[in-house]
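Residue-level structure breakdown
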Amino acid sequence: MRILLTAHDVVHGHELDGWAGTKDIELYAKARSEGFQAIITNDAKQLNRPMEVEAIARSELHRIKYRQNSMAA
């Protein structure tokens, strides 16, 4: 992502102290309170879980979903 989004600061949650293991519902609120503007995720099922949808909406963050292609060997 850093290669594609060179005009932006891109940080993985695991790089931030105390963020590893944060569940999605808490992640959105935490990201907003820390000044983030967007979450980039490949979790396609988030929008099927009502509590996560509500957390995303409350956070007012941009949610950017991408699909990760896996190549069969």
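Here is a short report on the structure shown in this document. Residues take numbers from 1 onward in each chain, read along the sequence in its written order. Only residues with pLDDT of at least 70 are given local features in this predicted model, and only at 80 or more are side-chain atom pairs given and counted; all residues enter the totals for whole chains, interfaces and linings. The side-chain quantities take in all heavy atoms of the structure and omit both hydrogens and water.

1. Some words on the pairing of strand β1 (residues 38–41)
Relative accessibility decides the category of a residue: with a 1.4 Å probe and only protein chains considered, values under 20% of the type maximum give buried, values over 50% give exposed, and everything between is partly exposed. Only runs of H or I of at least four residues qualify as helices and only runs of E of at least two qualify as strands under DSSP, and these elements are numbered from the N terminus. With burial as the criterion, only one face of β1 is covered, namely that bearing Ile39 and Thr41; the residues Ala38 and Ile40 on the opposite face remain uncovered. Between β1 and its parallel partner strand β2 (residues 62–65), the chain crosses via helix α2 (residues 50–59), and the hand of that crossover is right-handed. By definition, the crossover connecting two strands over a helix is right-handed if that path, from the first strand to the second, turns clockwise as seen with the strands pointing away from the viewer.

2. Let's talk about the side chain of Ser59
Along the chain, the position of Ser59 falls in helix α2. Not counting residues within four places of it along the chain, the set of residues in contact with Ser59 comprises Tyr28 and Arg32. For this analysis, residues touch if any pair of their heavy atoms sits within 4.5 Å.

3. Here we look at unusual backbone geometry
Here Glu60, not a glycine, exhibits a phi torsion of approximately 60 degrees, which is positive. As for its placement among the helices and strands, Glu60 is situated in the loop between α2 and β2.

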